[in-house]
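As a plain string of letters, each chain reads:
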There are 2 protein chains.
Amino acid sequence: MSAVEPISGKSDKSRLSSSDWEQAALDLLAEQGVAAVAVEPLARRLGVTKGSFYWHFPSRDALLKAALELWEKQDQEAVFDQIDAIIDPRERLYALFRRTSREIRSHVIYSHLLKAMDQPVVQPLMERVSTRRVNYLLTGYRALGMSRRDAMNRARLAYAAYIGILQMMLQLKTMRMNHEEYEAYVEHIAETLIPAAV
Amino acid sequence: MSAVEPISGKSDKSRLSSSDWEQAALDLLAEQGVAAVAVEPLARRLGVTKGSFYWHFPSRDALLKAALELWEKQDQEAVFDQIDAIIDPRERLYALFRRTSREIRSHVIYSHLLKAMDQPVVQPLMERVSTRRVNYLLTGYRALGMSRRDAMNRARLAYAAYIGILQMMLQLKTMRMNHEEYEAYVEHIAETLIPAAV
DNA sequence: TTGTTACCATACGGTAGCGTATTGACAACC
DNA sequence: GGTTGTCAATACGCTACCGTATGGTAACAA
């Protein structure tokens, strides 16, 4: 398996739309990172040549940008929109921690993007998404009655832990654990990072 | 400044040793990541051509490997060897947390290597270094009287936080803070991740 | 002084991308 | 049924790297 070629998955309709390219770009991004989102390999995977690509997009960067905007939207919906429903802040933080263990794909992409922050297309997006998330945590901690300063520091710490856990789980295979071990780990994290109820 | 060229720093002796190449490789690695450690750019920076390089090393990978081994040694000495002196485990953990804020270069390199775990030269090294460090934390927490399981989870969490903080500080410039703010942050982290004395 | 060794330059061939230009094919529409 | 618009193939030139082959030169030794 040459890691990129056919993937003769779903719809092999004979003509492609820009949306097809964006989807394929996200797939490849999730699988192999930003560098792998290249025109010619993508075309090969989709069974066409790059002559097709440059009809839909003016450049590789344009595709990347479009794909990333798609991801940002999907990610927002998948994770945060649902949790906003939970009112109790302690419950909401806890749900946030647990949900992060699922919805893998979106986090895998986030992790890959973290490695490509040198690229101008990626950097502003990641700044945006990350500060949004930290602020989300911040308001959560504030709602628990923490001081402005403590809440900020705890939010930073929790988000740093999120990033680190991503890397450890996805990159360091020495660190991987089985399901129940992981459940206990998440539990430990919640206990450590969410202040106890009064 | 073309980001790579001269750097006509220190010793511009007219002949180079393999050690000079390794040093230059580490410099470039710290500045621009693993991908930047390429033969021709390095040669340009050193004011020679790659004809020279391939006399000292058989391949680019061989250079990278040598440079990384050098880093591993330096890193070990710079951070851990000194902290081993501290006996009280609580003090030692605290010192570890604080010291990580300094010794920047070594951590910058670690952060860049984290992004290159797909490369066969990098991966085993990072597995080795990372598990070594987590185990170091583990014994620290055990010495504080935590259960095997709790200590393991706390060590994982602390190391995840380390990784995440690295990324946030080095990549997300929105997250950067001034010195006193950072000091307070580290203090908060220590309070949160090191169990209080009985 | 004459080799030898250690280091370096030059020139070459190869790969993997990006992006452009031109032409082709098929479908939709009038 | 011809025209137009949409998607695609081919061929090209360009850049930046890797690695090889071969010859040159300065320093040091015999």
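Refer to the structure printed above.
Given the structure is predicted, the values throughout are model-derived calculations rather than measurements.

Parameters and conventions
Residues numbered from 1 in each chain as written. Chains lettered and ligands numbered in written order. Predicted model: local features only at pLDDT ≥ 70, side-chain atom pairs only at ≥ 80, totals over all residues. Heavy atoms only, no water. 1 Å grid on protein atoms, 1.4 Å probe; cavity = no way out; pocket = protein on both sides within 12 Å on 5 of 7 lines; lining within 4 Å. Points joined across faces, edges and corners; volume = space filled by probe spheres on them. Nonpolar A, V, L, I, M, F, W, Y, C, P; charged D, E, K, R; others polar. Least-squares fit on C-alpha atoms with pLDDT ≥ 70 in both. Contact = heavy atoms within 4.5 Å. Buried area = accessible area lost by both parts, 1.4 Å probe. Salt bridge = Lys/Arg side-chain N within 4 Å of Asp/Glu carboxyl O. Polar contact = N/O pair within 3.5 Å; in protein donor to acceptor, adjacent residues only side chain to side chain. Helix = DSSP H or I, 4+ residues; strand = E, 2+ residues; numbered from the N terminus.

Visitor: Just to check I follow, could you spell out empty space enclosed by the protein for this structure?
Guide: Over the atoms, a rolled probe matching the size of one water molecule traces out where space is still vacant. The tally for this structure, following the rule as stated, stands at one cavity of 30 Å³ or more. Here the largest cavity is characterised by a volume of approximately 30 Å³. Surrounding the largest cavity, Arg156(A), Met168(B), Met169(B), Met175(B), Met177(B) and Tyr185(B) form its lining. Partitioning the lining of the largest cavity into residue classes produces five nonpolar, no polar and one charged.

Visitor: Where do I start with the relation of the copies chain A and chain B in this structure?
Guide: Here the two chain copies are tied together by a rotation about an axis and a shift along that axis. Take chain A, turn it by 180 degrees, move it 0.0 Å along the axis, and it overlays chain B with an RMSD of 0.0 Å. Expressed as a symmetry operation, the mapping of one chain copy onto the other fits a two-fold axis. Most of the interface of chain A is mirrored in chain B: 100% of its interface residues are interface residues there too.

Visitor: Would you take a moment to explain the interface of chain A and chain B for this structure?
Guide: A common measure of how large an interface is: the accessible area buried when the components associate. Between chain A and chain B, the residue contacts involve 38 residues of the former and 38 residues of the latter. Looking only at chain A, the three residues that lose the most surface to chain B are Arg156(A), Leu157(A) and His188(A), adding up to 18% of its buried area. Counting every contact that joins chain A to chain B gives two salt bridges. A salt bridge links Glu181(A) to Arg156(B), with the nearest nitrogen and oxygen atoms 3.4 Å apart. For the pair chain A and chain B, the interface holds twelve residue pairs in polar contact (both at pLDDT 80 or more). Top contributing element to the side of chain A that touches chain B by residue count: helix 8 (residues 148–171) of chain A, with 15 residues. Across the side of chain A that touches chain B, the residue classes break down as 19 nonpolar, ten polar and nine charged.

Visitor: Got a minute to help me understand the layout of surface pockets in this structure?
Guide: Put simply, the largest pocket is a space of about 850 Å³. As for the largest pocket, its lining consists of 31 residues, and the residues nearest its centre are Lys115(A), Ala116(A), Asp118(A), Lys115(B) and Ala116(B). Among the secondary structure elements, those contributing two or more residues to the lining of the largest pocket are helix 8 of chain A together with helix 1 (18–32), helix 6 (104–114) and helix 8 (148–171) of chain B. Take the lining of the largest pocket: its biggest share by element is three residues, from helix 6 of chain B. Partitioning the lining of the largest pocket into residue classes produces eleven nonpolar, 13 polar and seven charged.

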